[in-house]
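# Inside the fold
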Amino acid sequence: MTIPTRRIDRDTADLLLDGDPVALNRAGRLAAMLRALCGPARPHELAGEPAAVAAFLARLVRRPP
């Protein structure tokens, strides 16, 4: 069984990510998934955040202008 796919343009993607109600009403199952993913992070999901930010900043500082 194949799953039908529809492509969305950049403007529509931006509207979906911004939570635009009209775009979300037209997005069907994608909108349901985006709504589920937009909740706040759980503590275990942020456990490595300080190390990730430190690694990013260290790399950013070493980068020549």
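The following paragraphs examine the structure supplied in this document. Keep in mind that what you see is a predicted model, and the values were worked out from it rather than measured.

### Points about the overall build of the protein
Within the protein one finds four helices and zero strands. Put simply, the protein runs from its N terminus to its C terminus through helices and strands in the order α-α-α-α. Sorting the 65 residues of the protein into buried and exposed places 8% on the buried side. As displayed, the protein offers around 6,300 Å² of accessible surface, 60% of which is attributable to carbon and sulfur atoms.

### A look at the environment of Leu 24
If you trace the backbone, Leu 24 turns up in helix H2 (residues 21-27). With relative accessibility at 11%, the residue Leu 24 sits in the buried group. In this structure, the C-alpha to C-alpha distance between Leu 24 and Thr 12, residues twelve residues apart in sequence, is 9.5 Å. Those residues in contact with Leu 24, other than ones at most four positions away along the chain, are Leu 16, Gly 19, Ala 31, Leu 34 and Arg 35.

### Some details on the nonpolar core
In terms of nonpolar packing, the biggest core is built from five residues, these being Leu 16, Ala 23, Leu 24, Ala 27 and Ala 31. Here the element with the most residues in this core is H2; it accounts for three residues.

### Digging into a negative patch on the surface
Taken together, the side chains of Asp 9, Asp 11, Asp 14 and Asp 18 make up a negatively charged region of the molecular surface. Judged by its relative accessible area of 45%, Asp 9 falls in the partly exposed class.

### Some thoughts on helix H1 (residues 10-18)
Near the N-terminus of H1, the side chain that reaches the backbone nitrogen of Asp 11, with its oxygen 3.3 Å away, is that of Asp 9. Downstream of H1 by a residue or two, Gly 19 has a phi angle that is positive, lying close to 80 degrees.

### Observations concerning the environment of Asp 9
Looking at the element boundaries, Asp 9 is found in the segment before H1. A polar contact of 2.7 Å, which involves the side chain of Asp 9, links it to the backbone nitrogen of Thr 12.

Procedures and definitions
Residues numbered from 1 in each chain as written. Predicted model: local features only at pLDDT ≥ 70, side-chain atom pairs only at ≥ 80, totals over all residues. Heavy atoms only, no water. Helix = DSSP H or I, 4+ residues; strand = E, 2+ residues; numbered from the N terminus. Buried < 20%, exposed > 50% of the residue type's maximum accessible area, 1.4 Å probe, protein only. Areas by Shrake-Rupley, 256 points an atom, 1.4 Å probe, with all protein chains shown as cover. Contact = heavy atoms within 4.5 Å. Core = buried A, V, L, I, M, F, W, Y, C linked by side-chain atoms within 4.5 Å. Patch = residues over 30% accessible without salt bridge, like charges linked within 9 Å, V, L, I, M, F, W, Y side chains within 5 Å. Salt bridge = Lys/Arg side-chain N within 4 Å of Asp/Glu carboxyl O. Lys, Arg positive; Asp, Glu negative; His and termini not counted. Charge placed at Lys NZ, Arg CZ, Asp CG, Glu CD. Polar contact = N/O pair within 3.5 Å; in protein donor to acceptor, adjacent residues only side chain to side chain.

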